[in-house]
Every structure is written in C-alpha cells, then in structure tokens.
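The lines below spell out each chain.
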Amino acid sequence: MGKSIIQKIWSSHQVVQEENKPDLLYIDLHYIHEVTSPQAFEGLRLKERSVRRPDRTFATMDHNVPTYNRYFIQDETARNQLDALAKNCKEFGIRLADLDSEEQGIVHVIGPELGLTNPGMTIVCGDSHTSTHGAFGALAFGIGTSEVEHVLATQTLWQTRPKTLKLQINGTLQDGVTAKDLILYIISKFGVTFGTGYVIEYCGDVISSMSMEERMTVCNMSIEGGARAGLVSPDETTFSYLKGRKYVPAGIEFEREADRWRSFASDPDAEYDKELVIEGSEISPMVSWGTNPGMCSPVDENIPTLEAAKSSSDKKSLASALQYMGLHEGMEIEAIPVQHVFIGSCTNSRMEDLRAAAQWVKGKKVKDGVRAIVVPGSQNIKKLAEAESLHLIFTQAGFEWRDSGCSMCLSMNPDYVPSGEHCASTSNRNFEGRQGAGARTHLVSPVMAAAAAVYGRFVDIRKEEYSRTEAVNSY
Amino acid sequence: MKPITIVTGKAAILDRANVDTDQIIPKQFLKRIERTGFGQFLFYNWRFDEQGAERDDFELNHPQNKGASILIAGENFGCGSSREHAPWSLLDYGFNIIIAPSFADIFYQNCFKNGILPIKLTHEETALLMSVCTDGKQEITVDLPNQLVKAGDGFRTEFDIHPYWKELLVNGWDEISITLRYDSKIEAFEKASGI
Ligand code: SF4
C-alpha cells in the first residue's frame with residue numbers, strides 16, 4: 001500500500017517513538033514574529049537555555065507594523081514588542097527581517113517568497129496560519145508560545161499523529177471564481193470543525209492547475225476549517241516557483257533537491273482516514289456575512305433565514321451573528337453596504353492578488369464614502385507591484401497604497417474599521433472585533449473586494465467584464 | 001506549573017459554540033511581553049461595555065458564576081488564533097479546568113503547557129452537566145488520576161485523555177526538561193539526516 005505525503009513527512013521526522021507518548025518530531029524550520037515570541041525567549045533566559053538551531057529559525061516583524069510612516073510607532077507597547085524581538089534575535093543569533101530589511105513582510109508571505117519553505121519540511125510558527133506553507137508540500141502548523149519555547153530549546157515537538165483527510169476538487173472553477181472562493185466554499189459546506197484532528201491534503205484537477213500563490217490561499221485557511229495543517233503534494237509548479245529563489249540552491253544541487261522533494265508526493269494508492277470530493281464548477285464567488293468563516297454564501301444568494309437553521313444552537317449563533325453584523329435574515333448579499341475595503345493579509349496580498357484587483361479597478365473609481373486600502377504582503381511584493389505600476393492604478397482609482405504588514409487583518413497596528421461599519425476584506429477571519437471593536441468584516445476574494453470598493457456594495461463579479469485568465473496574464 | 005489531581009470547584013456555564021481566541025483575549029492585549037496579568041482582559045469585549053463597566057448580559061458576570069474555577073462551554077472552544085494568551089488569561093482569571101464537547105486543536109495543546117485541564121465530554125454529557133449545574137448547585141469534582149467528572153446527586157462520567165498529557169498535568173512537569181533528556185537522540189537524528 002502506498003503512503004500519503006503526510007505519512008512520509010511524519011515518518012521521516014520521528015526522533016523518538018515510545019509507548020504511551022506522542023512522537024517527538026524534528027522541526028526543520030521555525031518562523032517567529034513579535035507577538036507570540038517574547039514570553040518564549042523570556043522562558044529560555046529564566047532557565048538559562050539556548051536556542052538549539054538559530055540557523056533553522058527565521059524572524060520577521062509583521063503584526064504590529066504601521067503601514068505608513070512605519071518608523072513612527074506611537075503605540076509604546078507595540079514598539080516594546082518590536083524592540084524585544086530585535087533584542088532577542090541579536091542575543092540568540094537569529095536572522096531577522098526587521099523594518100529596514102528588503103525581506104520584511106508577513107511571515108507567511110516572505111517564507112515562501114525567499115525560498116525558505118521547501119517540500120517535505122516540518123515547519124512551525126507561533127501563528128495559526130502557518131498552514132499556508134503546506135502549499136509547498138510541507139507539514140506546517142501553528143503552535144502556542146510554550147511550544148515556540150520548546151522548539152527554540154530543542155528543535156523538536158511532542159506531537160500525536162494526526163488523522164489524514166483527502167479533499168479532492170474536480171473539474172475547473174468558473175471565470176471570476178478564485179482560490180479564496182474555493183476555500184470559503186469548502187468551509188461553508190463542511191463547517192468550521194470538519195478538519196479538527198486532521199491534516200488535509202488538497203488535490204484534484206482544480207488544485208493541480210493552480211499556481212503556488214493560489215495554493216497558498218487555499219492552505220492558509222485550513223485552520224478556519226479546524227485543521228492545523230493543510231497541504232498539497234509538490235509537483236512541477238512547486239519546483240519552478242522555487243527555482244532561483246534566494247535561499248534555494250542552484251544548478252545541479254537544485255536538481256538533486258527537486259528529486260528529493262518529488263519523492264514526498266503522495267502515492268496514487270495512498271489511504272486516508274477520510275475522503276471528501278467536490279466539483280469546482282459548483283462554486284460561486286463567496287461573501288461572508290456572519291462572525292465565523294463558515295458563515296458565508298454565494299454572492300447571488302441571500303443570507304439564510306432563522307427558520308432554515310438545522311438546530312437550536314445554530315439558530316442561536318445565527319441570530320447573534322446577524323445582530324453583531326447589523327444584517328437581517330433573508331437579506332440579499334448584494335444589498336449589503338460596504339464602507340471599507342482591505343486588500344491584504346497572508347491570505348491574499350501576493351502579486352497575483354494585486355494584479356487581479358488592479359486589472360479590474362483600472363480606469364474605475366472608488367465610490368464616494370468608501371475607504372479602500374491595499375497592503376502588499378511584503379516589501380518585495382510592494383517593489384514588484386510598483387515596477388508593474390499597479391500602485392498607480394490603485395491610487396488613481398482612489399485606493400491607498402501602503403507598506404507591508406498584517407494591517408487591518410487583525411488591526412494591531414493603527415489600521416482599523418470603525419464600530420458598526422462594514423469592510424470587504426481579503427483576510428481570513430471575520431470574528432467579532434477582529435478588524436476593530438464593533439467592526440463588521442466580510443471575507444471575499446481580491447477582485448470581489450475591488451468591485452465592492454467601486455460599487456459600495458457586493459456585486460457578482462461573474463456578471464462584470466472580467467476573465468480569470470485575462471486578469472492573471474495581462475501584465 | 002501547578003499539578004492537577006483531584007479538584008473540587010464551582011463551575012461557570014458559557015453555553016456558546018465556536019468561542020474563538022479573539023473573544024477570549026482580544027488583540028489589543030497581545031502586546032504585553034509578560035506571561036502574567038491577562039485575567040483582567042479575559043473575554044474583554046463581552047465582559048465590559050465601552051465605558052469599562054461590566055455587562056449584565058454576559059454569563060461570567062452573573063453573580064452565581066463569580067469565583068468559578070471550572071468552565072463549561074460549547075463545542076469547538078478556543079478556535080482561531082494560536083495565541084497562548086488565551087489559556088494564560090483563563091488561568092489568571094481562575095479557570096484551570098475547561099469542559100466542552102470539543103476543542104480546537106491548537107488551543108487544546110496550549111492548555112496542557114499551562115496547567116489547564118481541557119476535558120472533552122459528549123454533547124449529551126455536556127448538556128446534562130450544564131443542567132445539573134444550575135441554581136447554585138454548581139459544585140463539580142474532577143478526578144484526573146481516575147479520569148472522572150462528578151457533580152450533583154448522580155452525575156458521574158469518565159473522560160479520555162492521552163496518558164502523556166495526563167502525566168504532565170498530574171506532576172506539573174516542564175516539558176522542555178523532559179525533552180532535553182533526549183538530547184543525544186536529537187543529535188543523532190541531525191547527524192543521520194545531515195542537518
Ligand atoms: S495577515 Fe492576519 S492572519 Fe496572516 S499572520 Fe498576519 S494577522 Fe495572522
């Protein structure tokens with residue numbers, strides 16, 4: 001019987017296997033950011049422990065970073081946290097992409113971009129969207145700060161073997177339907193806990209024909225379906241993305257690496273604990289209307305009615321979500337007004353996202369009364385986008401063009417949505433208060449967000465002049 | 001870490017599903033660089049109004065729930081962000097046992113590292129426990145060595161827990177010191193893999 005990529009990575013990283021214990025897994029790569037690491041370093045210091053493999057640890061500043069005037073950080077606690085990271089990295093000899101660095105950006109954007117994330121690796125970060133790196137065929141998952149400390153000290157983690165889930169997406173996506181719509185659809189269809197206890201492997205025609213950036217968008221939100229990790233078997237798309245990246249070996253050594261990476265791909269006869277299949281063509285552009293990512297619907301439909309709720313607890317959650325969102329049951333999604341638009345976050349802030357949004361926005365204007373911002377995922381993406389003049393398209397249309405960071409995805413920096421106002425956001429969480437106290441978040445794809453900026457409400461992008469192929473290729 | 005063995009305490013009921021860590025500890029309190037003092041911010045946006053006064057309609061503000069050390073909640077408790085500030089704030093507020101039909105994976109792991117015992121019961125058991133624990137009859141006994149929850153006149157149920165996490169909690173062990181005993185194995189692994 002063949003093996004899945006999950007089993008292959010697991011068995012090649014087991015350091016200790018003992019009865020009545022989880023396995024001790026070796027961690028190849030550990031990403032760090034300012035919010036979830038200070039207490040871990042403090043823990044090391046208290047016990048006089050060192051960092052076992054600083055060479056396998058990489059740090060960046062992203063959550064607290066202002067997206068304009070980035071060196072002027074008014075919030076003293078945010079500044080302290082950034083200073084603490086710089087000090088800790090210096091003391092323990094860890095590479096840091098700080099505010100001055102060309103490499104700086106959102107941790108899940110820069111790791112792949114620099115070629116640090118490779119197939120077959122075990123990767124962790126004190127951040128639940130570490131699942132993003134699974135797009136490369138790595139087993140990548142989020143951990144808490146105690147585990148960050150554990151990995152710093154030992155380069156390992158005690159982990160119980162996860163169950164495996166194969167999620168196959170057949171066929172093709174309609175024009176105007178993106179990777180973001182796919183993952184929102186999956187979560188709305190199967191619920192926010194379908195992946196709990198599992199690692200998901202995404203496969204099928206839709207996934208194989210996706211670019212690496214699209215795969216990252218899908219894997220990014222695995223955690224929103226409850227799975228700590230989601231991944232895609234590496235293939236030629238993966239290797240050609242990695243070739244030539246800063247931390248990827250070149251020449252003959254690259255070929256050798258690629259062969260090794262290829263061996264991690266799932267065998268055709270691999271078995272899984274659970275299998276799910278969906279058809280790509282049944283997916284529409286999605287818009288979230290509630291307070292968890294499972295609460296979303298196709299743009300051309302209506303918000304569900306309380307009567308349609310399956311259980312009394314579903315009914316209760318629906319009622320309280322609608323109350324928070326200031327929406328009513330049965331309302332048309334296209335009638336929801338939008339006052340803010342945020343294009344950014346580790347889900348959708350890469351070149352293809354910005355190109356797709358810019359392509360649509362070109363020559364149009366942001367509607368009066370709407371504030372729209374674009375926050376590239378990394379300083380490098382910002383530079384590349386400017387080389388393609390995307391920033392001019394955005395600013396001429398009335399968008400603000402910012403420096404990189406997490407920004408309005410969780411609003412730990414000065415960017416936020418005022419209470420009671422609606423935001424079309426390309427981020428991954430629509431939890432209460434996520435984008436600011438009382439803020440009302442609607443998760444959408446970049447092009448749907450761009451259209452919402454122009455119309456001041458949601459529109460079905462399929463009915464607009466827009467073609468997916470055109471959007472990606474025309475620059 | 002304080003060991004957990006047999007605990008008798010008052011239970012508070014938070015009958016909501018999918019309580020995410022953004023609600024348990026909102027992001028504005030994540031900028032501290034200490035591990036302590038987070039209890040005052042627990043469920044901040046649900047607990048307090050804009051003026052900082054307690055909201056009457058939030059479960060933990062009800063007089064019968066004050067002073068509780070056990071929290072009974074709905075399914076998928078602790079979903080979302082991996083922030084360990086969530087268990088830190090629960091513990092600092094006074095909860096060291098959380099009972100729910102299911103927990104999000106990362107939160108579940110984070111509990112063990114901080115001396116919090118997360119107990120998974122079935123939906124039916126959780127609902128029954130919630131109904132037993134009303135009107136001032138909120139005392140629950142959790143017996144970790146025997147993996148038992150007892151309440152009221154007849155509520156008694158067993159729960160599952162991985163033997164390793166149980167051992168950590170019962171002894172209050174620091175996991176890193178355990179792992180460091182395997183140092184030679186880690187080194188051998190690195191050598192064998194050429195890394
Ligand atoms: S962009 Fe949002 S989800 Fe991604 S790492 Fe930053 S805060 Fe987390």
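Residues numbered from 1 in each chain as written. Chains lettered and ligands numbered in written order. Predicted model: local features only at pLDDT ≥ 70, side-chain atom pairs only at ≥ 80, totals over all residues. Heavy atoms only, no water.

**Some words on the site of the ligand**
The following threshold applies: Whether a residue is near a molecule or strand is decided by its heavy atoms; if any one of them lies within 4 Å of it, the residue is near. Each residue is assigned to one of three groups, with Ala, Val, Leu, Ile, Met, Phe, Trp, Tyr, Cys and Pro labelled nonpolar, Asp, Glu, Lys and Arg labelled charged, and all others, Gly among them, labelled polar.
Around the ligand lies a shell formed by His-63, Ile-106, His-108, Asp-127, His-129, Ser-345, Cys-346, Cys-406, Cys-409, Leu-410, Asn-428 and Arg-434 of chain A. Grouping the amino acids of the shell around the ligand by side-chain chemistry returns five nonpolar, five polar and two charged.

**Side note on the packing of aromatic side chains**
Residues and elements named next belong to chain B. Stated formally: For Phe, Tyr and Trp, where Trp contributes only its six-membered ring, two rings pair if their centres lie within 6.5 Å, and the inter-plane angle classes them as stacked under 30 degrees, edge-to-face over 60, or tilted in between. For every residue, the accessible area obtained with a 1.4 Å probe (protein chains only) is divided by the maximum for its type, and the residue is called buried under 20%, exposed over 50%, and partly exposed between those limits.
Counting across every chain of the model gives 27 aromatic pairs over all chains. Judged by centre distance (4.9 Å) and plane angle (50 degrees), the rings of Tyr-44 and Phe-48 are tilted. A relative accessible area of 25% places Tyr-44 in the partly exposed class. Residues Tyr-164 and Trp-165 carry aromatic rings whose centres are separated by 5.0 Å and whose planes lie at 65 degrees to one another, so their mutual orientation is edge-to-face. A residue is classified by how much of its surface remains accessible, and Tyr-164, at 2% relative accessible area, is buried. Since its relative accessible area comes to 3%, Trp-165 is described here as buried.

**Describing the domain arrangement of chain A**
All names here are of chain A. Let me state the cut-off plainly: Segmentation into domains, and thus their bounds, comes from an automatic or database assignment. As used here, buried area is the combined drop in accessible area, with a 1.4 Å probe, of two parts when they are placed together. One side-chain nitrogen of Lys or Arg within 4 Å of one carboxyl oxygen of Asp or Glu is enough to make a salt bridge. Polar contact is the term for a pair of N or O atoms within 3.5 Å; when the atoms are in protein, one must be able to donate a hydrogen and the other to accept it, and sequence-neighboring residues count only if both atoms are side-chain atoms. Secondary structure elements follow DSSP: runs of H or I no shorter than four residues count as helices, runs of E no shorter than two count as strands, and numbering proceeds from the N terminus.
Split into domains, chain A comes out as domain 1 (5-275) and domain 2 (286-466). Here domain 1 and domain 2 have C-alpha centroids that lie 25 Å from each other. Carbon and sulfur atoms supply 57% of the area buried between domain 1 and domain 2, which totals about 3500 Å² over both sides. In this assembly, domain 1 and domain 2 are joined by two salt bridges. The salt bridge partner of Glu-224 is Arg-429, with a shortest N-O separation of 2.6 Å. Scanning the region where domain 1 abuts domain 2 turns up 28 residue pairs in polar contact (both at pLDDT 80 or more). Listed by contribution, the elements that provide at least two residues to the side of domain 1 that touches domain 2 are α4 (107-114), α6 (179-190) and α8 (212-220). With six residues, α6 is the largest single contributor of residues to the side of domain 1 that touches domain 2.

**A look at the interface of chain A and chain B**
Using the following cut-off: In this analysis, two residues are considered to be in contact whenever any of their non-hydrogen atoms come within 4.5 Å of each other.
Counting from both sides, the interface comprises 63 residues of chain A and, opposite them, 47 residues of chain B. Both sides together, the interface formed by chain A and chain B hides about 4700 Å², and carbon and sulfur atoms give 55% of it. A per-residue breakdown of the area chain A buries against chain B is headed by Gln-39, Arg-52 and Trp-158 of chain A, which together make up 13% of the total. Linking chain A with chain B are nine salt bridges. The partner of Asp-174 of chain B in a salt bridge is Arg-49 of chain A, with the nearest N and O atoms 3.1 Å apart. Counting every contact that joins chain A to chain B gives 34 residue pairs in polar contact (both at pLDDT 80 or more). Of all the elements in the fold, those that place two or more residues in the side of chain A that touches chain B are β1 (14-16), β2 (23-26), α2 (38-46), α3 (76-92), α5 (145-154) and β8 (156-159) of chain A. Looking at the side of chain A that touches chain B, the element that brings in the most residues is α5 of chain A, giving seven residues.

**Concerning the sheet that holds strand β6 (residues 148-151) of chain B**
Strand pairing in a sheet takes place through backbone hydrogen bonds and is either antiparallel or parallel in direction. Residue and element names in this part refer to chain B. Our working rule: One requirement defines pairing of two strands: DSSP has to find at least two bridges between them. Here an axis means a line fitted to C-alpha atoms, over the contact stretch when the element is a helix, while the angle between two N-to-C directions is reported on a 0 to 180 degree scale.
As summarised here, the arrangement of the seven strands in space is β4-β3-β2-β1-β5-β6-β7, forming an open sheet in which the pairing is mixed. Edge positions in the sheet fall to β4 (117-120) and β7 (155-158), since each of these pairs with one other strand and no more. Strand after strand, the sheet turns through a mean of 25 degrees between neighbouring axes, direction not considered. Bridge analysis of strand β2 (residues 70-73) against strand β3 (residues 97-100) gives three bridges, and the strand direction is parallel. Each bridged residue has a counterpart across the sheet, and for Ile-72 the counterpart in β3 is Ile-99.

**Describing the UniProt feature "binding site: [4Fe-4S] cluster" (unreviewed entry) in chain A**
Residues and elements named next belong to chain A. What counts is decided by this rule: UniProt positions are given in the numbering used here, feature names are shortened, and annotations may be inferred rather than shown by experiment.
The UniProt entry lists Cys-346, Cys-406 and Cys-409 under the feature "binding site: [4Fe-4S] cluster" (unreviewed entry), expressed in the numbering used here. Spanning 64 residues, the named residues nonetheless gather at one spot, since no C-alpha pair among them exceeds 8.7 Å. Relative to the helices and strands, Cys-406 resides in the loop between β17 (400-401) and β18 (422-425). Each residue touching Cys-406, except ones within four places of it in the same chain, is listed here: Asp-62, His-63, Ile-106 and Phe-342. You can see Cys-409 is positioned in the loop between β17 and β18. Its relative accessible area of 7% is what places Cys-409 among the buried residues. Ignoring sequence-local partners within four residues, the contact set of Cys-409 consists of Phe-342, Ser-345, Ser-427, Asn-428, Arg-434 and Gln-435.

**Comments concerning the packing of helix α12 (residues 351-361) of chain A against helix α14 (residues 390-397) of chain A**
Residue and element names in this part refer to chain A. Defined as follows: Angular relationships are summarised with four words: roughly parallel below 35 degrees, roughly antiparallel beyond 145, roughly perpendicular across 65 to 115, and oblique for the angles in between. Helix crossings fall into two classes, left-handed where the near helix is turned counterclockwise from the far one by less than a right angle and right-handed where it is turned clockwise.
Across the interface, α12 lies against α14 with an axial gap of 9 Å and an inter-helix angle of 45 degrees. Looking at the two axes, α12 sits oblique to α14. Here α12 and α14 pass one another in a crossing that is left-handed. Of the residues in α14, those in contact with Met-351, Leu-354, Arg-355, Ala-357, Ala-358 and Val-361 of α12 are Leu-390, Ile-393, Phe-394 and Ala-397. Across the contact of α12 with α14, the residue classes tally to nine nonpolar, no polar and one charged.

**Some words on α6 of chain A**
Residues and elements named next belong to chain A. Threshold: Given a helix with a known number of residues, its expected span is that number minus one, times 1.5 Å.
Look at α6: 17 Å from first C-alpha to last across 12 residues, which is about the 16 Å you get at 1.5 Å a residue. Where burial is concerned, most of α6 is hidden: nine out of the 12 residues are buried. Of all the residues in α6, the buried ones are Ala-179, Lys-180, Asp-181, Leu-182, Ile-183, Leu-184, Tyr-185, Ile-186 and Ile-187. Of the residues trailing α6, Gly-191 is marked for its positive phi of about 95 degrees.

**Section: the environment of Asn-220 of chain A**
Residue and element names in this part refer to chain A. Within the secondary structure, Asn-220 is located in helix α8. Residue Asn-220 is classed as buried on the basis of its relative accessible area of 0%. Once the C-alpha coordinates of Asn-220 and Ser-131 are considered, the two residues, 89 residues apart in sequence, prove to be 5.3 Å apart. Not counting residues within four places of it along the chain, the set of residues in contact with Asn-220 comprises His-129, Ser-131, Thr-132, Cys-346, Thr-347 and Asn-428. Of the polar contacts made by the side chain of Asn-220, one reaches the side chain of Thr-132; its length is 3.0 Å.

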